[in-house]
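Listed below, chain by chain, are the residues.
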Amino acid sequence: MFQTDLLKDKTIFITGGGTGLGKSMARRFLELEARVIIASRKFEALEATAKELGSEHEILPLELDVREYRDVEKALASALGHFGSVDVLLNNAAGNFVSPTEALSPRAFDVIVDIVLRGSYNTTLAFGKHWISQKQGARVLNIVTTYASTGSGYVVPSAIAKSGVQTLTRSLAVEWAKYGITMNAIAPGPFPTEGAWNRLLPPGLEKQFIDRIPLKRVGDHLELANLAAYLISDQSQYINGEVITIDGGEWLKGAGEFNFLDVLTAEEWQAMEQQVRKANKK
Ligand code: HXC
Ligand code: NAP
């Protein structure tokens, strides 16, 4: 899809890059000749991913809890020490689970909002201060969700936190453009990962989940990784403040008032036509 050196000389810091979509994006960026830092809480998992994906000249695993601003500053310093510069921040780390909202404790709200929203503004602030002081242009890419725009029941802490990240994207895209820092987001629909599937998909409801998607399938990690590669490459410099949905049309299907008519058979459509034509007769 791309020239193999699309991301040559770019250093990309991915939060939560040891598993799931973060790992798939790291793999794709390395294929496109980037250098990558993967940073999250579980160092052993990160080390295993780093070993699997590349050499120490290309990929650096770093232990980091994005909820702690000082730890973010330390991780940035380690990344700079290893690679010399960081050109892209990819806010991918997240936490989530499904639950009726009234069953949640205040701590359950905190844990999700802290990882997703506080984590994203911690990294963005620390990296932004660094880039601005160095007079270095840079890109930020945030992974949100389609329900960051629509809201969603049963994942309310995640929904409010992701919509905060979406607002952060649109706000700083404008404010920091003067420093050459641009900011975009991807809103994925369902992409199978262990982290999301175990926490979000009630057993037995897999078919219902997929039936809601107009394309009748989940996303392929490579589809998302290629979109991310484009959005952090020099070829997309003029895209700023955008939130790009990649969901097979899932959220629109839920939104369009008559989309439920998918269930009608050919015979029912004929009967419907006759009913409409009859109503049209003067
Ligand atoms: C109600 C729950 C709960 C549940 C935990 N809690 N699970 N409440 N229902 N199912 C409560 C706990 O009781 C506790 O509150 C509080 O949350 C924090 O619990 P901890 O024990 O500290 O955390 P723990 O439950 O171990 O872990 C929560 C987590 C973990 C940190 C969020 O799930 C995690 O590490 N997640 C990272 C990976 C992840 O979530 N990936 C999915 C991303 S997918 P009390 O008051 O009892 O102490 C995504 C979008 C997907 O974001 C969209 C798909 C289409
Ligand atoms: P995942 O594999 O569970 O990824 C989440 C990552 O976040 C993990 O690698 C985890 O690593 C890291 N993380 C969690 N808390 C952290 C913290 N405090 N500090 C640093 N890192 C932390 O799930 P995924 O499906 O790939 O999700 C990746 C992104 O895509 C998330 O932003 C998610 O909201 C978004 N998304 C996914 C889907 C989907 O269908 N999969 C749909 C929409 C949006 P550690 O446990 O090592 O910390």
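Keep in mind that what you see is a predicted model, and the values were worked out from it rather than measured.

What counts as what
- Residues numbered from 1 in each chain as written.
- Chains lettered and ligands numbered in written order.
- Predicted model: local features only at pLDDT ≥ 70, side-chain atom pairs only at ≥ 80, totals over all residues.
- Heavy atoms only, no water.
- Near = heavy atom within 4 Å.
- Polar contact = N/O pair within 3.5 Å; in protein donor to acceptor, adjacent residues only side chain to side chain.
- Areas by Shrake-Rupley, 256 points an atom, 1.4 Å probe, with all protein chains shown as cover.
- Helix = DSSP H or I, 4+ residues; strand = E, 2+ residues; numbered from the N terminus.
- Nonpolar A, V, L, I, M, F, W, Y, C, P; charged D, E, K, R; others polar.
- Phe/Tyr/Trp six-rings, centres within 6.5 Å; stacked < 30°, edge-to-face > 60°.
- Buried < 20%, exposed > 50% of the residue type's maximum accessible area, 1.4 Å probe, protein only.
- Lys NZ or Arg CZ within 6 Å of the ring centre and 35° of its normal.
- Contact = heavy atoms within 4.5 Å.
- Pairing = 2+ DSSP bridges.

Enquirer: Just checking my understanding: could you explain the site of ligand 2 for this structure?
Expert: If you check the shell around ligand 2, you find 27 residues, and the closest are Thr 19, Ser 40, Arg 41, Asn 92 and Thr 193. Residue Gly 16 places a main-chain N or O atom 3.2 Å away from an oxygen atom belonging to ligand 2. Asp 65 is positioned such that a nitrogen or oxygen atom in its side chain is 2.9 Å from a nitrogen atom of ligand 2. When ligand 2 is considered free in solution it has 870 Å² of accessible area, and contact with the protein chains removes 90% of it. Contributing elements (two or more residues each) for the shell around ligand 2: α1 (20-31) and α7 (194-200). With 3 residues, α7 is the largest single contributor of residues to the shell around ligand 2. Of the residues belonging to the shell around ligand 2, the class tally is 13 nonpolar, 9 polar and 5 charged.

Enquirer: Explain the packing of aromatic side chains to me, please; I cannot follow it from the model alone.
Expert: Between two aromatic rings, the relevant description is the distance of the centres plus the angle of the planes. Applying the stated criterion to the full structure yields 3 aromatic pairs. Measuring from ring centre to ring centre gives 4.9 Å for Phe 13 and Phe 127, while their planes differ by 70°; the resulting arrangement is edge-to-face. One end of the pair, Phe 13, is in strand β1 (residues 11-15); the other, Phe 127, is in helix α4 (residues 106-134), and 114 residues separate them in sequence. As far as the burial class goes, Phe 13 and Phe 127 line up, both buried. Centroid distance Phe 127 to Trp 131: 5.7 Å. Interplanar angle 70°. Geometry classified as edge-to-face. Here the residue Phe 127 and the residue Trp 131 both occupy positions in helix α4, the gap between them amounting to 4 residues, near one helical turn. There is no split in this pair, since Phe 127 and Trp 131 are both buried. Taken together, the aromatic side chains of Phe 13, Phe 127 and Trp 131 make up a single cluster linked through ring pairs. One cation-aromatic arrangement involves Arg 212 over Phe 209; the distance from NZ or CZ to the ring centre is 5.9 Å.

Enquirer: Please explain the side chain of Thr 49 as it appears in this structure.
Expert: Along the chain, the position of Thr 49 falls in helix α2 (residues 43-53). Look at Thr 49 and you get buried, because its relative accessible area is 3%. At 2.7 Å, the side chain of Thr 49 forms a polar contact with the backbone oxygen of Gly 18. Those residues within four positions of Thr 49 in sequence are excluded, and the remaining contacts are Gly 17, Gly 18, Lys 23 and Ile 38.

Enquirer: Explain the pairing of β1 to me, please; I cannot follow it from the model alone.
Expert: In summary, the side chains of a regular strand alternate between the two faces of the sheet. For β1, a buried count of 5 out of 5 residues is recorded, marking the element as mostly surrounded by other parts of the structure. Because side chains alternate across β1, one face comprises the buried residues Thr 11, Phe 13 and Thr 15, and the other comprises Ile 12 and Ile 14, equally buried. Summarising the sheet, β1 and strand β2 (residues 35-40) pair through 5 bridges and their orientation is parallel. When the sheet's bridge partners are listed, Thr 15 is paired in β2 with Ala 39. Judged from the 3 bridges that link them, β1 and strand β4 (residues 88-91) form a sheet pairing that is parallel. The partner of Ile 14 across the bridge, within β4, is Leu 90.

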